[in-house]
Amino acid sequence: MNKMDKTVAAAADWQRNYDKMIGNDKVIKNRSGIEVQPLYWPQDDADGSYTEKLGFPGSDPMTRGIYPTMHRGRTWSQRQLIGLGRPADFNARIKSILKSGASALSMIPCNSVYRGIDCDEVEPEILGTCGTILNTVEDMDISLKDIPIDEISIGLNDPNPFTMLAQMLIVAENRGIPWDMITGTSNQSDYISHFVANHMFYRLSLPGAHRVQMDTITYLAEHVPNWNALSIVGQHMQQAGATPAQAMGLTLSTAIQYAHDCKARGMDPDKFLERFTFFFDISISFFEEVAKFRAGRRIWNNLVTERFGVTNPRAKRFKFHAQTSGFDLTRQQPLNNIARVTAQAMAGIFGGLQSMHTDGYDEVLSTPSEDSAKIAISTQNILKHEAHLCDVIDPLGGSYYVEALTDAMEEEILKVIGQIDDQGGMYKAVENGFVQEMIGASALEYQKQIDNNEQTIVGVNAYQEEEDASARPVLKRPPQANMEAQVERLKQIKAARDSAVLAHGLQGLRTAAQSDNINVFGAQLDAARAGATLGEIVTVLREELGFGQPLVVA
Amino acid sequence: MDDILQKRGLAERLLAGETTALARAISITEGESPAVSRLLKAIQPHLGRAVVVGFTGPPGAGKSTLVNAFISEMRRRGKTVAVAAVDPSSPITGGAVLGDRIRMAEHTMDEGVYIRSLASRGHLGGLSASAARVADLMDAAGFDVVVLETVGAGQSEVEMAEMADVRIVISAPGLGDDVQAIKAGILEIADILVVNKSDLPLARRTTRQLEAMLALRAPSDWKVPVLSTNAVNRSGLPELADAIEHRAALRETKGARDAMSGRTRRLLAQTVAKYVEGRVLHDQSPTSEAVVKALQKADIDLQSATIKILNLLQESLINE
Amino acid sequence: MTDVITTPARVLVTKIGLDGHDRGSRIIAAYLRDAGMEVIYTNPWQKIEAVVALALEEDVDVIGISSLATDHLLVPKLMAALIAADLGHIRVVVGGIVPDEDEADLLSAGVSEVFHPGAVRYDIVSSVEKLAAEATNARPLD
């Protein structure tokens, strides 16, 4: 079959799969009356490069998308981060966001929860300002009151050892919801990314976190089969200063590391890779981001085949959630950030994401206000419905620039993966500080460009204006009284527990951590059922498995 | 008059073990001044109690983590520890980022542990002059153990380690060419060799290589042990602490004063050598030129040239 | 032989509270080093008593607190602790995300300057240099 026939055959394949998946595919005409097709591809492919490097959506090498239908069939999940103060406040915010059109949840806990400390052990003035206090099963229950958790996909920003997930599973249990109805993702399951960047999420030592992660993946595969146990995070590293190519390369290297770890536990790549998802940053370097995602898709497809012998097509899919970059937003002239988020979101859409969070324009100053959170969702809806960005799959495909850039990004990304391979894998590379050095150097380099005005930041080093400080959005802090009430409630809950049952539960957790063949996550569930709080669970695990001190390289 | 009273106040407070005084004293003994001389004189009678331990080794060997574990072990034995952690200053800007104590964060609130981050700076007397003073101040402040920690990358860092009573050279497997990564000069000064990261697969090979190198040495009255440690899980630390105490005790039997005067003599030798080096390099007199030319043309040998230059130097010093 | 040494300023760069982002503090550490200062750099989540112990042991001139979220609300406690430990001569600066309405509170608690996102390198460095000199002059005599 000559190369042109190959393309014709592949196109026919794609068309078949597309038709099967799309259901009711309405004809789309633009304002000028021109019918817009779902996909465009070259009419000739003399050198076969189209088939080799791009292919059709949903087929090798996946450059143009992981599904035949992509956003024309099902647009991305609007997964906005939510978290503020008390569980009851969070519950109210969820309901409001779901009403404005968000289709999925992403829960953000308070920084104290990230650090693994109960609210009664933290200075009250810093409680609840960035997320919800979730110390107990009751907190989770109140947060999710009247929310159909068996119908909505839930993203838990819940680092190792995944106490929020344990709490949520027990809430489901108490509500009579079978665990196979629970869908969602452990968004912050990538402990390596926390060790290296965004240390706040890093609670247990590296080997301790590894142990808990593997136990949790195993437990979930068996008991919560529709939960994505692993989300590999590039966002932290890019926010810490990694270039887009570095962030993608480092993330893929982390995925390789985890895949090796799972394989070492006897798991089957064709099965577990299906549950690998990714979480990326979207900077405002528009075309670079589009190319980054397209290259990432292609590399992942080739990588899992080459390194892990995967044949299951679903295990080759590079599924990712992305968040617009907070680092690109400015404190000066904050309304400009709406334009920035729009550009970033567009890059993510053209990059083919499956799920997105758009930042509020006041991100630099605080967690988003209700208004700015609504604008962030509306931005996505406007791009979808008014700008019609979803009518065509991979619309930038075939652009001379975008294809050349995709190839060039692929080269850079592969270089980084090679460097990490040389270090002996991502775990070793972060243990010895190699990755931290790389990221730090890039952060400094970018800062230099801003300092020298080589990179213009509107309102900051150019187009500055005198600003009325009082017009700046105000940091919203939960009322002190609310936080005090939350602390009081925790004390009451603690006092009302059966101390024998609690001690037994915590001892079980300790024993599990000390042994090699008791599943730590299962033991954590038992401890939580016995009334153990977040702080108590994390303390026991820190004692047994080591306190997480990230390697900061000065 | 007030000045003298104030400075005596500082010495007294330091000798009484006051942390602020020690911290200030370290800062001011950076330079030379009558006040500094008075301070150093005041502490003289109180020196010689502490065991000064030098830790050096290439980057990546896990020095700071090992020192951290060593501190814990000594505290377990009821000893107080002071640490001087030295990092290089930028030769261009003179600044430095000092991050060694990140690895020792668990001891910040322990009253029995004092940690000081130092930049190598550009010392006329070399790094060792300043390090010797810092060690003395810590000794006078009453600490049982003084740790000097530095990267064994340059000559001055090696000199600094030489200031110690017990000199530990740390390596780790997989650092480039294994033992070749340890410069020959550093290996020679070691009283104790440590192979850290003992959990790594190549650790035993590194240990064997070091033992083989040591076996080639001429025998002396101290047999250098090669110890295996894992600074993260703390294995090998009691053995390291024992070896250090043993070595220190051996030096003790010759008298604490001897150990110290040995240190002082070493310091003096290094400072003299640096001074002479500077003079010889910058001497543009015709007489010294003649010596250099003669050596170049092999009219005289190196030994003779050295003696000739030293004689010239002696003459010019007399005339100055 | 008399050494003529201009002693470099010593600056402690650290974080208190809960946040763990250190992109900014790493860049500041590099700025200060390139300006000839010595930076004692720590890991995040330092307790206030630890910051005081560090400042004392290291005999620093300036403390730079990198703050995100609401961690800056703990700074007045730090200022009080420094005074109680006789370290009132040390100058403290705060950088990061600090709402305007809190800046005045920090300044009246004794913080010398608050740097917001977009602060220019030259301004930060020259400010810290000036403050280090002030701290030296404000030192109680030994």
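Nothing here was measured: the structure is a model prediction, and the numbers come from that model.

Each helix and strand in chain B was counted, giving twelve helices and eight strands. When the 320 residues of chain B are sorted by exposure, 51% land in the buried category. The contacts in chain B between residues at least 6 apart in sequence include a share of 77% that link residues at least 24 apart. For chain B, the exposed surface amounts to about 15,200 Å²; the carbon and sulfur share of it is 56%.

A separate point is helix α20 (residues 499-514) of chain A. Residues and elements named next belong to chain A. For α20, built from 16 residues, the straight-helix expectation of 22 Å at 1.5 Å per residue is met to within 8% by its first-to-last C-alpha distance of 22 Å. Within α20, the full set of buried residues consists of Leu502, Gly505, Leu506, Leu509, Ala512 and Ala513. An end-on view of α20 places all buried positions within 115° of arc, on one side of the element. For α20, the exposed residues lying more than 90 degrees away from the buried face are Ala500 and His504. In this structure, the buried side of α20 is in contact with α9 (206-223), α21 (520-529) and α22 (534-545). The residue sitting at the N-terminus of α20 and contributing the capping side-chain oxygen is Asp498; that oxygen lies 3.0 Å from the backbone nitrogen of Ala500.

Residue and element names in this part refer to chain B. In space, the seven strands of this open sheet follow the order β4-β2-β5-β1-β6-β7-β8, with parallel pairing throughout. Two strands bound the open sheet, and with one partner strand each, they are β4 (113-119) and β8 (226-228). Strand-to-strand, the axes of this sheet are offset by a mean angle of 20°, without reference to chain direction. The sheet contact formed by strand β7 (residues 192-195) and β8 spans three bridges and is parallel. Residue Val194 lies in a different strand from β8, and its bridge partner there is Leu227. Helix-sheet contacts for helix α8 (residues 203-215) involve β6 (166-171), β7 and β8, and the interaxial angle to β7 is about 160°.

Turning to helix α11 (residues 244-264) of chain A, a few remarks are in order. With 21 residues, α11(A) should reach 30 Å at 1.5 Å per residue; the first-to-last C-alpha distance of 30 Å fits that figure. Of the residues flanking the end of α11(A), it is A:Gly266, one or two places downstream, whose phi is positive at about 90°.

Let's shift gears to the interface of chain C and chain B. Counting from both sides, the interface comprises 28 residues of chain C and, opposite them, 34 residues of chain B. Approximately 2,900 Å² of surface area, both sides summed, lies buried where chain C meets chain B, with 54% of it carried by carbon and sulfur atoms. At the surface where chain C touches chain B, the tally comes to four salt bridges. Of the charged contacts, one joins C:Glu57 and B:Arg101 as a salt bridge, the two residues approaching to 2.9 Å between their closest N and O atoms. Here chain C and chain B share 15 residue pairs in polar contact (both at pLDDT 80 or more) between them. Elements with a minimum of two residues in the side of chain C that touches chain B: α1 (23-34), β2 (38-41) and α2 (48-58) of chain C. When the residues that make up the side of chain C that touches chain B are grouped by side-chain class, the tally is 13 nonpolar, four polar and eleven charged. As judged from the three bridges shared by strand β3 (residues 96-98) of chain B and β2(C), these two strands associate in the parallel manner. Bridge pairing links B:Leu98 to C:Ile40 in β2(C).

Residues and elements named next belong to chain B. Counting buried residues in strand β2 (residues 81-87) gives seven out of seven residues, a clear majority hidden from the surface. Along β2, one buried face is formed by Val81, Val83, Ala85 and Asp87 and the opposite face, lined by Ala82, Ala84 and Val86, is buried too. Bridge count for β2 against strand β5 (residues 145-151) is six bridges, and the pairing is parallel. Within the sheet, the bridge partner assigned to Val86 lies in β5 and is Thr150.

Residues and elements named next belong to chain A. Of all hydrophobic cores here, the largest spans 135 residues; its most connected members are Leu273, Phe276, Trp300 and Val435. The two domains that each donate at least three residues to this core are domain 1 (3-53) and domain 2 (70-451). Setting aside residues up to four positions removed in sequence, Phe276 forms contacts with Leu230, Ile232, Ala255, Tyr258, Ala259, Cys262, Trp300 and Lys319.

This brings us to the interface of chain A and chain B. When the parts come together, some accessible area is lost, and that loss is often what is quoted as the size of the interface. Facing five residues of chain A, the contacting portion of chain B comprises five residues. Summed over both partners, the interface of chain A with chain B comes to about 390 Å²; 71% of that surface belongs to carbon and sulfur atoms. Our enumeration of links across chain A and chain B arrives at zero salt bridges. Applying the counting criterion to the chain A and chain B interface returns zero residue pairs in polar contact (both at pLDDT 80 or more). In terms of residue class, the side of chain A that touches chain B is built from four nonpolar, no polar and one charged.

A separate point is the side chain of A:Asn135. Residue and element names in this part refer to chain A. On the secondary structure map, Asn135 appears in the loop between α5 (111-114) and α6 (137-143). Residue Asn135 is classed as buried on the basis of its relative accessible area of 1%. Sequence-distant contacts of Asn135, that is, excluding residues within four places in its chain, are made with Val113, Ile117, Asp118, Cys119, Gln167, Leu490, Thr533 and Leu534.

Here the focus is the environment of A:Tyr114. Relative to the helices and strands, A:Tyr114 resides in helix α5. Sequence separation between A:Tyr114 and A:Ile133 is 19 residues; the distance between their C-alpha atoms is 9.8 Å.

Residues and elements named next belong to chain C. Remark: α1 packs on helix α5 (residues 121-138), axes separated minimally by 10 Å, with the N-to-C direction vectors making an angle of 65°. Here α1 and α5 pass one another in a crossing that is right-handed. Between α1, through Ile28, Tyr31, Leu32 and Asp34, and α5, the contact on the second element is made entirely by Arg121, Ile124, Val125 and Val128. Broken down by class, the residue content of the contact of α1 with α5 amounts to six nonpolar, no polar and two charged.

Taken together, six strands build an open sheet; the order of strands is β3(B)-β2(C)-β1(C)-β3(C)-β4(C)-β5(C) and the sheet is parallel. Each edge of the open sheet carries a strand with a single partner, namely β3 of chain B together with β5 (113-115) of chain C. Geometrically, the sheet is characterised by an average inter-axis angle of 20° between neighbouring strands, direction not taken into account. Helix-sheet contacts for α2(C) involve β1 (10-14), β2 and β3 (62-67) of chain C, and the interaxial angle to β1(C) is about 160°.

Bringing the environment of B:Phe143 into the picture now. Residues and elements named next belong to chain B. Structurally, Phe143 can be placed in the loop between α5 (127-140) and β5. With 61 residues separating them along the chain, Phe143 and Ala82 place their C-alpha atoms 6.2 Å apart. Setting aside residues no more than four positions away along its own chain, Phe143 makes contact with Leu22, Arg49, Ala50, Thr80, Val81, Ala82, Gly112, Val113, Tyr114 and Met138.

Now for the packing of aromatic side chains. Residue and element names in this part refer to chain A. Within the structure shown, the criterion is met by 25 aromatic pairs over all chains. A ring pair is formed by Phe293 and Phe320, whose centres lie 4.6 Å apart and whose planes are at 15°; its orientation type is stacked. Residue Phe293 is found in helix α13 (residues 286-308), and its partner Phe320 is found in strand β8 (residues 320-324); the two are separated by 27 residues along the sequence. Neither Phe293 nor Phe320 differs from the other in exposure class; each is buried. The interplanar angle of 50° and the centroid separation of 5.7 Å between the aromatic rings of Phe318 and Phe320 together place this pair among those described as tilted. There is no split in this pair, since Phe318 and Phe320 are both buried. Grouping aromatic residues by their ring pairs yields a cluster made of Phe278, Phe280, Phe293, Trp300, Phe318 and Phe320.

What counts and how
- Residues numbered from 1 in each chain as written.
- Chains lettered and ligands numbered in written order.
- Predicted model: local features only at pLDDT ≥ 70, side-chain atom pairs only at ≥ 80, totals over all residues.
- Heavy atoms only, no water.
- Helix = DSSP H or I, 4+ residues; strand = E, 2+ residues; numbered from the N terminus.
- Buried < 20%, exposed > 50% of the residue type's maximum accessible area, 1.4 Å probe, protein only.
- Contact = heavy atoms within 4.5 Å.
- Areas by Shrake-Rupley, 256 points an atom, 1.4 Å probe, with all protein chains shown as cover.
- Expected span 1.5 Å × (residues − 1).
- Arc of directions from axis to C-beta.
- Polar contact = N/O pair within 3.5 Å; in protein donor to acceptor, adjacent residues only side chain to side chain.
- Pairing = 2+ DSSP bridges.
- Axes fitted to C-alpha atoms, helices over the stretch in contact; angles between N-to-C directions.
- Buried area = accessible area lost by both parts, 1.4 Å probe.
- Salt bridge = Lys/Arg side-chain N within 4 Å of Asp/Glu carboxyl O.
- Nonpolar A, V, L, I, M, F, W, Y, C, P; charged D, E, K, R; others polar.
- Core = buried A, V, L, I, M, F, W, Y, C linked by side-chain atoms within 4.5 Å.
- Domains from an automatic or database assignment.
- Left-handed = near helix turned anticlockwise from the far one by under 90°.
- Phe/Tyr/Trp six-rings, centres within 6.5 Å; stacked < 30°, edge-to-face > 60°.

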